[in-house]
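Each chain is listed here by its residues.
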Amino acid sequence: MLANVGLYSYLAAALTYVLLTGLLLVSWRGRALGIMLIMASGASALWASVVAAGTVLEYPPVVLIQVTEILRNTGWLLFLLKMSQLRFADQEGFDSALWNRRLLLGLGFASLVILLLPALRATLQLETDIHGDMVFACWLAMAIFGLLMIEQLFRNAGEDERWALKYLCFGLGGVVAYDFFMYAEALLFRNLDPQLWQARGLVNALAAPLIAASISRSAESQFRLQ
């Protein structure tokens, strides 16, 4: 029964992000920000599909799930960074190249820990608890960085921009906040709650309509996402 709950939850997420990606492709007007949004949405659809498939397999593809989740997180973080660059490019003291390097280095380090640490655990003589804590800490760091970027983007947006970005920030903020809660709980108790993991697909699915609503609003504002 638990596996079925996870299957339906992540299938719903996969379907909504496939539809969202299709909507984005149809409405795209050649903007660089739009293609980054399409890639992030497509990565979410791929991730949800892989997790859904893993719920019905005897041996879930853990590494593939981790890789697709890293792609999903990277897509949304790069999209948020691009939005911040467009918003703050003219502000004194904002170094977009520096932020790009910081984000890519951070994501690269987290990816190496998540993907390579299990293989190196015996060589490094790490205990299972320490290894798990480091992996959960990396996922948690991605969620924290996402929350900070969303908060800064929304707080510093102008009135017209905030009207267009409100649902986007609410949708992505809900997804990232849920990730923060799930991985913080996992780090605290050194175990990932299966019920939180299964409900996560539905949380992601509910964010897609909010993102779509923000896209519709952006077509009428100065801050266009397409």
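Here's what I pulled together on the structure shown here. Position numbers for residues count from 1 along each chain, tracking the sequence in the order it is written. Reporting in this predicted model follows two pLDDT cut-offs: at least 70 for local features of residues, and 80 or more for side-chain atom pairs to be given and counted; totals over whole chains, interfaces and linings ignore these cut-offs and use all residues. The side-chain quantities take in all heavy atoms of the structure and omit both hydrogens and water.

## Structural notes on the overall build of the protein
When helices and strands are tallied, the protein shows seven helices and zero strands. Under the scheme used here, helices are H or I runs from DSSP no shorter than 4 residues and strands are E runs no shorter than 2 residues, and both carry numbers assigned from the N terminus. Going residue by residue from the N terminus, the α and β elements of the protein occur as α-α-α-α-α-α-α. Residue exposure (1.4 Å probe, protein chains only): buried if accessible area is under 20% of the type maximum, exposed if over 50%, otherwise partly exposed. Across the 226 residues of the protein, 44% fall into the buried class. Should any heavy atoms of two residues lie within 4.5 Å, those residues are counted as being in contact. The long-range share in the protein, meaning contacts at least 24 apart out of those at least 6 apart in sequence, stands at 73%. What sets the accessible areas is the Shrake-Rupley method with a 1.4 Å probe; for residues, cover comes only from the shown protein chains. As presented, the protein carries roughly 11800 Å² of accessible surface, and 66% of it is formed by carbon and sulfur atoms.

## Describing empty space enclosed by the protein
A cavity, in this analysis, means grid points on a 1 Å lattice covering only the protein atoms where a 1.4 Å probe fits yet has no way out; a pocket is instead an open set bounded by protein on both sides within 12 Å along at least five of seven lines, and a residue lines either one if it has an atom within 4 Å of a point. Grid points are joined across faces, edges and corners, and a volume is the space filled by probe spheres set on the points. The final tally for this structure, using the stated rule, is two cavities of 30 Å³ or more. Quantified by volume, the largest cavity comes out at close to 190 Å³. As for the largest cavity, its lining consists of 19 residues, of which R72, N73, W76, V176 and D179 are closest to the centre. Of all the elements in the fold, those that place two or more residues in the lining of the largest cavity are α3 (62-88), α5 (128-155) and α6 (159-189). Per element, the largest residue contribution to the lining of the largest cavity is six residues, and it comes from α3. Across the lining of the largest cavity, the residue classes break down as 12 nonpolar, four polar and three charged. Lys, Arg, Asp and Glu make up the charged group, whereas Ala, Val, Leu, Ile, Met, Phe, Trp, Tyr, Cys and Pro make up the nonpolar group; the residues left over, Gly among them, are polar.

## What to know about the environment of A213
Locating A213 in the fold gives a position in helix α7 (residues 194-218). Between the C-alpha atom of A213 and that of A164, which follows or precedes it by 49 residues, the distance is 8.7 Å.

## Describing α7
By this rule, a helix spans an expected 1.5 Å times one less than how many residues it contains. Along its 25 residues, α7 runs 37 Å from first to last C-alpha, staying within 8% of the 36 Å computed at 1.5 Å per residue. Given a residue, its bend is the angle between the two axes fitted to the seven residues that end at it and to the seven that start from it. Its axis deflected by about 30 degrees at R200, α7 carries its strongest bend there. Polar contact criterion, stated in full: a pair of N or O atoms within 3.5 Å, where within protein one must be able to donate a hydrogen and the other to accept it, and residues adjacent in sequence count only if both atoms are side-chain atoms. By the N-cap criterion, in which a side-chain oxygen at the helix start approaches the backbone nitrogen of a residue two or three places on, α7 is capped by D193, the distance to Q195 being 2.9 Å.

## Overview of the side chain of R72
In this structure, R72 sits in helix α3. Within the structure, the side chain of R72 is placed 2.8 Å from the side chain of N73, a separation counted as a polar contact. Not counting chain neighbours up to four residues away, the residues in contact with R72 comprise A43, S44, W47, V175, D179, R200 and N204.

## A short note on the nonpolar core
Core analysis: the biggest nonpolar cluster contains 59 residues, and Y17, W76, F79 and I211 have the highest contact counts within it. For this core, the elements supplying multiple residues, two or more each, are α1 (2-27), α2 (32-54), α3, α4 (96-124), α5, α6 and α7. As used here, the term nonpolar core means buried Ala, Val, Leu, Ile, Met, Phe, Trp, Tyr and Cys residues forming a set that is joined through side-chain atoms within 4.5 Å.

## Regarding a nonpolar patch on the surface
Where nonpolar side chains cluster on the molecular surface, the patch consists of L46, V63, L64, V67, L71, L112, L115 and L116 and spans about 660 Å² of accessible area. Among the secondary structure elements, those contributing two or more residues to the nonpolar patch are α3 and α4. Residue placement: L46 occurs in helix α2. With a relative accessible area of 43%, L46 lands in the partly exposed category. A residue counts toward a patch only above 30% relative accessible area and without a salt bridge, and it is joined to like-charged neighbours within 9 Å or, for Val, Leu, Ile, Met, Phe, Trp and Tyr, to nonpolar neighbours within 5 Å. What counts as a salt bridge is simple: a side-chain nitrogen of Lys or Arg found within 4 Å of a carboxyl oxygen of Asp or Glu.

## Side note on the environment of I150
Assignment of secondary structure puts I150 in helix α5. Its relative accessible area of 7% is what places I150 among the buried residues. Measuring from C-alpha to C-alpha, the distance between I150 and L172 comes to 7.9 Å, with 22 residues separating the pair along the chain.

## Focus on unusual backbone geometry
Across the chain, the bulk of peptide bonds are trans and the bulk of non-glycine residues have phi less than zero. Of note, the phi angle at R190 is positive, near 55 degrees, even though the residue is not glycine. Note on placement: R190 falls in the loop between α6 and α7. When its relative accessible area of 47% is taken as the criterion, R190 is described as partly exposed.

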